[in-house]
Amino acid sequence: MNRHLRITVLVSAALSAGLFMTACQGTGNPVAQGGGSSAKAGSADPKGSAGGSSSSPSTSSPSSSSSSSSSTSSGGGSATSGGGGSTTSSSGAGDKTGYGQGCGANDISWSTRTETQAGGYILVIAKAKPGITCVLPGGLPTVAFGSDGTQAKNAEQVAGDPITLRAGVTAYAGVKPKTTKGNAGKQLSEIILSIGNSDPNPVSLKVGTIVVDQPIVTDWHTSASQAVPFGGTDQ
């Protein structure tokens, strides 16, 4: 009986141990499966706050960089265009000293010729030097004779319009050195001409031997026929 009892106790203990191990394995599997499921959910969910936060900068960064690059490029183009514009008007082939400004005597190529109309006068011919565009003011040029600075008076009652000198445009003024009768006057061979009394660079033009007495000069004109200085001995 004692032996049978011991066997029964041992069998019961063995069964109890087996059931305990089975129970432990049953509880362990769900935990392991739950952990695996949680890990998969964490890695596979692209809309999670952590996942969205980390993926958003990486997807938007190229776009932002492209936009910034495009803006910089556009701004650079604008600056280049403006600079280009600034560079073309101030240097190189586009350089035009005195462009749009009032003419000075040194901006002009001068020539003269003697005319017989109106008792004889000197036609002054003015052309802008190559590459220069400048404005002759309305009114007469300043014309002086000899060392004493005898100055020609206006032959016209109304001042003319300003004339823009540039390639293809010529201005004319008529100078009559003598408006008196008789032999009075002084003999000279050149005239001193400037664009107004404040012109710092007057020019001296050879005109041959002339007799000067109470000279007159017309305003600037774009036609030689309009620059005839009537007055004095021609009337």
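Above this text sits the structure in question.
Residues numbered from 1 in each chain as written. Predicted model: local features only at pLDDT ≥ 70, side-chain atom pairs only at ≥ 80, totals over all residues. Heavy atoms only, no water.

**Q** Tell me about the sheet that holds strand β1 (residues 101–102), and please be specific about residues and values.
**A** Strand order in the open sheet formed by 3 strands is β1-β4-β8, and the pairing between neighbours is mixed. In this open sheet, the two strands that pair with only one neighbour each are β1 and β8 (163–165). Where strand β4 (residues 134–136) meets β8, 3 bridges bridge the pair, whose relative direction is antiparallel. Note that in β8 the partner of cysteine 134 across the bridge is leucine 165. (Pairing = 2+ DSSP bridges. Helix = DSSP H or I, 4+ residues; strand = E, 2+ residues; numbered from the N terminus.)

**Q** Mind laying out the environment of serine 147, listing which residues take part and the relevant values?
**A** Turning to its location among the elements, serine 147 is positioned in the loop between β5 (142–145) and β6 (150–151). In this structure, the C-alpha to C-alpha distance between serine 147 and isoleucine 192, residues 45 residues apart in sequence, is 9.8 Å.

**Q** How would you summarise the environment of leucine 123 if you had to cite specific residues and measurements?
**A** Considering the arrangement of structural elements, one finds leucine 123 in strand β3 (residues 121–128). Discounting chain neighbours no more than four positions away, the residues touching leucine 123 are Ser111, Thr112, Arg113, Glu115, Tyr172, Ala173, Ala224 and Ala227. (Contact = heavy atoms within 4.5 Å.)

**Q** For unusual backbone geometry, give the residues involved together with the corresponding values.
**A** The phi angle at alanine 118 is positive, at roughly 60°, despite the residue not being glycine. The backbone of glutamine 214 sits at a positive phi, close to 50°, despite the residue not being glycine. Within the secondary structure layout, glutamine 214 lies in the loop between β11 (203–212) and β12 (216–217).

Fair warning: the whole summary comes from geometry, so function is off the table for now.
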